[in-house]
Every structure is written in C-alpha cells, then in structure tokens.
Amino acid sequence: EYMGDIICRLIMEESVLTKAAFSYLDWPPFYTIQDHLPTREKQLRSWGGIFIDYCKKLGKTEASVSEVSNDTFALFTNANLRRRLDRNGILLVLDMLAKDGRIEWKDNRKEGFLVFFQSPHELALAIYDWAKRNVKIGKIETLKWIATGEDTPKTCLLYTSDAADDLLCVDLGGRRIIKKKK
C-alpha cells in the first residue's frame, strides 16, 4: 500500500467531505483539469477540500508549490493509476484556495504559502457564536481565553491546545479585531 493511499484513508475517516469526493482519487480523469467550467469548478473544490483535510491530518500549516508539486508529495499522485495532477493543476487548486481564504501566499512569487484549516469567515462566525453563547458581545477577551478558557469546549472550532499569545486581545464589540496590550 502506498503512503498516499494510507494517509488519504486516514483523512477520509475524519473528513467532512463525502467519501464520494475521495473516490475521485481512483478516477483517472480527476488528475487532468477539465475543460468544462462547471466540472472544473467541482473538481478544483474537491481537490481543495481534500488538500485542506490532508494538511490538517498532518498538522501542516505551511508549504510551498515546489514541495506539493514534487513527486514525493503523495496527495496529488495515484501510483496505482500512474496518474498525477500536474503543476499547473496544483496551482489552479492553490489559487482557488487562496481566493477562498484557505491558504495565503507568503509573497508575490506564489511559491510559499500558509494553510488555514478554517477560513477567516468560518473563524469569525465561530468567534461570534462563542461570544453570543457566552454573553461576551461588547466585552474584550484574550485570544488565549477564547481558545482555551472554560467557556470553550474542546470540540469547538476555536479550541486549540497551542493557544494564541495572551498579549493579544479581541474586542467582541466590533470596534477592533486584534490589539496588542502595552
């Protein structure tokens, strides 16, 4: 069994994507970017979701185009089919993820990028829901407290064991997003 197949199976067990999305990995045309625009959009979204889940499973928060388009990067290769998504296809997937706020390019060269397991919009909604649920609208809370405090269950999107620096705070009244204390 190939490492990419093992990792993809592990991702599938915890993925929010349907198993149908992962079944595309065994479909040869999935490795060729489609010309028909609605089909291409679905294909890129499927690749994007699979890529984010893959990175999340591995705890990968940054990468480079060179790394993910290398033959040793298992996700975009299916050795059984002898198929691989080419560099241009990978760039299309990454550009779509950047447009959706799921990755952020480190510079204008579009080589290195940061990976976000949740989009900024999803995080904003989660923070707002947390503040509303815990009657914190209009109050100032540290990111550390939001991420690890007793009001945040471990199953919450906001929970992290590597909490944000407690010198940062969030004004939940909407006047400012992040502020450094002096």
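What you see is a predicted model; the values in this text were computed from it and never measured. (Residues numbered from 1 in each chain as written. Predicted model: local features only at pLDDT ≥ 70, side-chain atom pairs only at ≥ 80, totals over all residues. Heavy atoms only, no water.)

Caption draft 1: Up close: the packing of aromatic side chains. Inspection of the entire model under this criterion finds ten aromatic pairs. Here the aromatic rings of Phe-30 and Tyr-31 are separated by 6.3 Å at their centres, their planes lie at 85°, and the arrangement is edge-to-face. Residue classification places Phe-30 among the buried residues on the basis of a relative accessible area of 3%. Each residue in the set Phe-30, Tyr-31, Trp-47, Phe-51, Tyr-54, Phe-73, Phe-76, Trp-105 and Phe-113 is aromatic and connected to the rest through ring pairs, giving one cluster. (Phe/Tyr/Trp six-rings, centres within 6.5 Å; stacked < 30°, edge-to-face > 60°. Buried < 20%, exposed > 50% of the residue type's maximum accessible area, 1.4 Å probe, protein only.)

Caption draft 2: Looking closely at the nonpolar core. In terms of nonpolar packing, the biggest core is built from 28 residues, with Trp-47, Phe-51, Val-68, Phe-76, Leu-94 and Phe-113 touching the most fellow members. Counting residues per element, the ones that place at least two in this core are helix H3 (37-58), helix H4 (65-68), helix H5 (87-99), strand E4 (103-105) and strand E5 (112-115). In this structure Val-68 touches Phe-51, Ala-63, Phe-73, Phe-76, Arg-84, Ile-90, Leu-94 and Phe-113, once residues within four positions along its chain are discounted. (Core = buried A, V, L, I, M, F, W, Y, C linked by side-chain atoms within 4.5 Å. Helix = DSSP H or I, 4+ residues; strand = E, 2+ residues; numbered from the N terminus. Contact = heavy atoms within 4.5 Å.)

Caption draft 3: Just the side chain of Asn-78, in detail. Within the fold, Asn-78 resides in strand E2 (residues 77-78). A relative accessible area of 3% places Asn-78 in the buried class. Among the polar contacts listed, one links the side chain of Asn-78 to the backbone nitrogen of Leu-81, at a separation of 3.0 Å. Sequence-distant contacts of Asn-78, defined by excluding residues within four places in its chain, comprise Leu-25, Asp-26, Tyr-31 and Arg-83. (Polar contact = N/O pair within 3.5 Å; in protein donor to acceptor, adjacent residues only side chain to side chain.)

Caption draft 4: Spatial organisation of helix H6 (residues 120-133). Over its 14 residues, H6 runs 20 Å from end to end, which matches the ideal 20 Å to within 8%, given 1.5 Å per residue. Contacts from the buried residues of H6 go to strand E6 (140-142) and helix H7 (143-148). Note on H6: the residue one or two positions beyond its end, Val-135, has a positive phi of about 50°. (Expected span 1.5 Å × (residues − 1).)

Caption draft 5: Structural context of the packing of H3 against H5. Between H3 and H5, the shortest axis-to-axis distance is 9 Å and the interhelical angle comes to 80°. With respect to H5, the axis of H3 lies roughly perpendicular. Seen from H3, the contacting residues are Arg-40, Leu-44, Arg-45, Trp-47, Gly-48, Phe-51 and Ile-52; seen from H5, they are Leu-92, Val-93, Leu-94, Met-96 and Leu-97. Considered class by class, the residues forming the contact of H3 with H5 number nine nonpolar, one polar and two charged. (Axes fitted to C-alpha atoms, helices over the stretch in contact; angles between N-to-C directions. Parallel < 35°, antiparallel > 145°, perpendicular 65-115°, else oblique. Nonpolar A, V, L, I, M, F, W, Y, C, P; charged D, E, K, R; others polar.)

Caption draft 6: Quick look at H3. Here H3 spans 31 Å end to end across 22 residues, near enough to the 32 Å set by a 1.5 Å rise per residue. Among all positions of H3, only Gln-43, Leu-44, Ser-46, Trp-47, Gly-48, Gly-49, Ile-50, Phe-51, Ile-52, Asp-53, Tyr-54 and Cys-55 are buried. Backbone geometry just after H3 places Gly-59 at a positive phi near 70°.

Caption draft 7: Geometry of unusual backbone geometry. Of note in this structure, Arg-82 is not a glycine but carries a positive phi near 55°. When you line up the elements, Arg-82 lands in the loop between E2 and strand E3 (83-84). Take Arg-82: its relative accessible area is 77%, and that puts it in the exposed class. Phi at Lys-110 is positive, roughly 55°, even though this residue is not glycine. Inspection of the secondary structure puts Lys-110 in the loop between E4 and E5. Residue Lys-110 is classed as partly exposed on the basis of its relative accessible area, which comes to 38%.

Caption draft 8: Seen up close, the confidence of the model for the protein. Put simply, the protein has an average pLDDT of 75, and 70% of its residues get 70 or more. Ranking the helices and strands of the protein by mean pLDDT puts H5 first, with 96, and strand E8 (residues 179-180) last, with 40. Here residues 14-18 scores under 50 on pLDDT; set against residues more than four positions off or in separate chains, the count is eight contacts. Within the model, pLDDT remains below 50 along residues 159-182, and this stretch shows 51 contacts once partners closer than five positions in the same chain are excluded. (pLDDT = per-residue confidence, 0-100.)

Caption draft 9: Local environment of the pairing of E5. One ladder, built from three bridges, connects strand E1 (residues 62-64) with E5; its direction is antiparallel. When the sheet's bridge partners are listed, Glu-62 is paired in E5 with Leu-114. In terms of strand pairing, E4 meets E5 through three bridges, oriented antiparallel. Bridge pairing in E5 links Glu-104 to Leu-114. (Pairing = 2+ DSSP bridges.)

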